[in-house]
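# Results of the structural survey
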Amino acid sequence: MSYSAPRVTYADILVFIVSLITSRVLLAGFMGCGKSTIGAKLATLLLVEFIDLDDRIVNLADATIEQILTSAVTSRTGALERDFWEK
């Protein structure tokens, strides 16, 4: 029994590359696990724009991620304290 690999044409390769380029990739994970590093490298390989959501949020909020998280935690803590004392 012989096996022959399927024949791949340049058109097949082009369709595959275009499908990669027009697709979106979302990386999710814990803070500091390498999403931005991997995302930037993957975008370079796929020849697409890399968008880092943290950068967009920082620009929109005009604050660092640390400031945003501290503010969110402080707000939530204040709400929990109010709920506790109201009960």
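First things first, this report covers the structure right here in the doc. Everything quoted here is computed from the prediction, not taken from an experiment.

## Overview of the overall build of the chain
Looking only at helices and strands, one finds four helices and zero strands in the chain. With the C-alpha coordinates aligned to their principal axes, the bounding extent of the chain is approximately 80 × 35 × 20 Å. Across the 87 residues that make up the chain, the buried fraction comes to 8%. A distance of 7 Å separates the average location of the 8 positive side-chain charges in the chain from that of its 10 negative side-chain charges.

## A short note on the environment of Asp83
Structurally, Asp83 can be placed in helix α4 (residues 65-86). Along the backbone, Asp83 and Ile65 are 18 residues apart, and their C-alpha atoms lie at a distance of 27 Å.

## Quick notes on the pattern of salt bridges
All chains considered together, the criterion is met by one salt bridge. Between Glu49 and Arg56 there is a salt bridge, and its shortest N-O distance comes to 3.9 Å.

## Topic: a nonpolar patch on the surface
Taken together, the side chains of Val8, Tyr10, Ile13, Phe16, Ile17, Leu20 and Ile21 make up a nonpolar region of the molecular surface, amounting to roughly 710 Å² of accessible area. You can call Ile13 partly exposed: its relative accessible area is 39%.

## Considerations on the side chain of Asp52
With respect to the helices, strands and loops of the structure, Asp52 is situated in the loop between α2 (35-46) and α3 (53-61). Reaching out from Asp52, the side chain makes a polar contact with the side chain of Ser36 at a distance of 2.6 Å.

## Regarding unusual backbone geometry
One non-glycine residue, Asp62, lies in positive phi territory at about 55 degrees. Locating Asp62 in the fold gives a position in the loop between α3 and α4.

The rules behind each value
Residues numbered from 1 in each chain as written. Predicted model: local features only at pLDDT ≥ 70, side-chain atom pairs only at ≥ 80, totals over all residues. Heavy atoms only, no water. Helix = DSSP H or I, 4+ residues; strand = E, 2+ residues; numbered from the N terminus. Buried < 20%, exposed > 50% of the residue type's maximum accessible area, 1.4 Å probe, protein only. Lys, Arg positive; Asp, Glu negative; His and termini not counted. Charge placed at Lys NZ, Arg CZ, Asp CG, Glu CD. Salt bridge = Lys/Arg side-chain N within 4 Å of Asp/Glu carboxyl O. Patch = residues over 30% accessible without salt bridge, like charges linked within 9 Å, V, L, I, M, F, W, Y side chains within 5 Å. Areas by Shrake-Rupley, 256 points an atom, 1.4 Å probe, with all protein chains shown as cover. Polar contact = N/O pair within 3.5 Å; in protein donor to acceptor, adjacent residues only side chain to side chain.

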